[in-house]
Amino acid sequence: MGVIASAPAKIILFGEHFVVYGEPAIVLAVDKRAYAKAELREDKRLFLRSLNLNVAGFFENGNFKAEEGNPKEAKIKLEPLKCAVEKVLEISGERAGLNIEVNSTVPVAAGLGSSAAVAAAVAAAVGALLNVKMSKEDVFRIAYEAEKVMHGTPSGVDPAISTFGGALFFQIDTGFKPLDVRVDIPLVVGNTGVERSTRSQVAKVRSLKDRYPQVVEPMMRAAREIVLRAIEALKEGDLETVGELMNINHALLYGLGVSDESLEWLINAARKAGALGAKLTGAGGGGCMIALASKDRVENVLEAVQRAGGNAFIAKKTDEGVRIEPT
Ligand code: MEV
C-alpha cells in the first residue's frame, strides 16, 4: 500500500525576479496539481520515476542507474526529488527503500512552479508513508532545499505557495503571510510552449543588475511599490487597478530582458481582446503569461490567446496547499 500526496501549481501575480533580491511578491495557488506516490521497497534502494518527464532510475550508495530516458538528463531531473526524499529520511532516522512515482498536470518549465509542486508532494508522501511528524513548515523547507538543487538561488516563493496554497504575500526577509483575497480574480493563463530554465533567466537578471546597478535598483523599488499598491487594490476588489499594475510590472520584466517574442505575442493578443492587464508569470524567456479580465470578457481573452497560438486555460485559485490524497 502506498501513499499519494499532491501539491498545487502557482501563478506569480506580481514580483517575480525582484523577489530574489528581497522585494515582495504576490502569488496564488491554482487548480492544477502534481501528484507523488510513495511505496516501501523490500531492499534499501531508492527508485524514482516521473511519468510526465519520461525518466526513471535508481539511486544507491551515491550512484545513479537510469531505467528510462537519457541517463544524464534523468539524473539531473530526478536529483531534486532524491534530495527531498533524503531530507525526510534524515528526519525519520530510517533507511527505508522506496519507490516514488510522480505524475503532474502542471506544465513543465513553464513558470507555473511544477518542480516545487512535485518536490512538496514527494516530501509529504514520503513523510506520511513513514509516519514522520512533519508540519507544513517542514514540507516547505524540504521542497525549498530541492529547489536549490534545481535552480541555484531560488527565493522560496514557489515551494511556499505549493505547500500552503491560497494567496500569499512573500518576501525573503519577512517570510510569507496569507493574503485575504475575497474578490474573484478571473485569470487566463497562456502557455507559449517555449520551455526555458529558471536558473538561466535568474542568472541573466543577476548579470544585468551587476552591470547596471543604478538602473536596475530603481526598477526594484518600482516593483515593490507595485506590490504594495496591488495589495490595496486586491483588498478593495479594484480589478482595473490590478490590471494596470500588471501591465507596469510586465514592462519592468521586459526591461530586465526576461520577456520574449512568444510571450509578447500572447500578451498583446490578450490586451487587444480587452484584458484589464497582462504579464509574463514566473521566470519568463518563454513559459506562461497571465491575463486578468472582467468576468464578461474572460472567455474572449481566452479565445484570443488560443488563436494567437497559446495553450490557454482559465485558472482558478485554490486554497488547498499540499495534501494527502485518499487512497
Ligand atoms: C520563478 O517561479 C520565480 C523567480 O522569481 C525565481 C524565484 O523566485 O526563485 C524567477
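Along every chain, residues carry numbers that run from 1 in the direction the sequence is written. The model is predicted, so local features are restricted to residues of pLDDT at least 70 and side-chain atom pairs to those at 80 or more, both for listing and for counting; the totals for chains, interfaces and linings are taken over all residues. Side-chain measures were taken over the full set of non-hydrogen atoms in the model, leaving aside hydrogen atoms and water.

Engineer: Looking at this structure, I do not really get the side chain of Ser104. What am I missing?
Structural biologist: Note on conventions: DSSP H or I runs of at least 4 residues are helices, E runs of at least 2 residues are strands, and numbering of each starts at the N terminus. For Ser104, the position within the fold is in strand β6 (residues 98-104). By relative accessible area, which is 12% here, Ser104 ends up buried. Pairs of N or O atoms are called polar contacts if they sit within 3.5 Å, as long as, within protein, a hydrogen donor faces a hydrogen acceptor (for residues adjacent in sequence, only side-chain-to-side-chain pairs). A polar atom in the side chain of Ser104 sits 3.0 Å from the backbone nitrogen of Val106. It only takes one pair of heavy atoms within 4.5 Å for two residues to be counted as in contact. Apart from the residues within four sequence positions on either side, Ser104 is in contact with Arg33, Ala34, Tyr35, Asn52 and Val118. Exposure categories follow from relative accessible area, calculated using a 1.4 Å probe and restricted to protein chains: below 20% of the type maximum is buried, above 50% is exposed, and the middle band is partly exposed.

Engineer: Mind showing me how you'd approach the sheet that holds strand β11 (residues 288-292) here?
Structural biologist: The strands that make up a sheet pair up through hydrogen bonds in the backbone, lying either parallel or antiparallel. Pairing within the open sheet is antiparallel, and its four strands lie in the order β10-β11-β9-β12. Edge positions in the open sheet fall to β10 (277-281) and β12 (311-315), since each of these has one partner strand only. Strand-to-strand, the axes of this sheet are offset by a mean angle of 25°, without reference to chain direction. The pairing criterion for strands is at least two bridges between them, as found by DSSP. Examined bridge by bridge, strand β9 (residues 187-191) and β12 share five bridges and lie antiparallel to one another. Directly across from Gly190, in β12, lies its bridge partner Ala312. In this analysis an axis means a line fitted to C-alpha atoms, helices contributing only their contacting stretch, and an angle means the value between N-to-C directions, from 0 to 180 degrees. Sheet strands touched by helix α7 (residues 239-256): β9, β10 and β11. Its angle to β10, the strand with the most contacts, is close to 45°.

Engineer: Just checking my understanding: could you explain the domain arrangement of the chain for this structure?
Structural biologist: Interface size is commonly expressed as the accessible surface area that is lost when the partners come together. The domain boundaries assigned to the chain delineate domain 1 (3-180) and domain 2 (187-315). Domain segmentation is taken from an automatic or database assignment of domains. Once you take the C-alpha centre of each, domain 1 and domain 2 turn out to be 25 Å apart. Counting each side, the surface lost to burial between domain 1 and domain 2 is near 3,000 Å², with a carbon and sulfur contribution of 70%. Buried area is understood as the total, over both parts, of accessible area removed when two parts are fitted together, assessed with a 1.4 Å probe. Together, His17, Phe18 and Tyr21 form the three largest contributors to the area buried by domain 1 at its contact with domain 2, with a combined 25%. For this document, the term salt bridge refers to a Lys or Arg side-chain nitrogen within 4 Å of an Asp or Glu carboxyl oxygen. In this structure, the connection of domain 1 to domain 2 is made through two salt bridges. Across the salt bridge formed by Glu23 and Arg224, the nearest N and O atoms sit 2.7 Å from each other. If you look at where domain 1 meets domain 2, you find 11 residue pairs in polar contact (both at pLDDT 80 or more). Counting residues per element, the ones that place at least two in the side of domain 1 that touches domain 2 are β1 (3-14), β2 (25-40) and α3 (136-151).

Engineer: How do you make sense of the site of the ligand when you look at a structure like this?
Structural biologist: Proximity criterion: a residue is near a molecule or strand once any of its heavy atoms comes within 4 Å of it. Near the ligand you find Lys10, Ile12, Glu16, His17, Val19, Val20, Pro154, Ser155, Val157, Asp158, Gly282 and Ala283, and these make up its full shell. Lys10 is positioned with one of its side-chain polar atoms (N or O) 2.9 Å from an oxygen atom of the ligand. Within the contact set of the ligand, an oxygen atom lies 2.9 Å away from a backbone nitrogen or oxygen of His17. Each accessible area is a Shrake-Rupley estimate made with a 1.4 Å probe; only the visible protein chains count as cover when residues are assessed. Notes on the ligand: free accessible area 290 Å², of which the protein chains cover 97%. Looking at the shell around the ligand, the elements with two or more residues in it are β1 and α4 (157-164).

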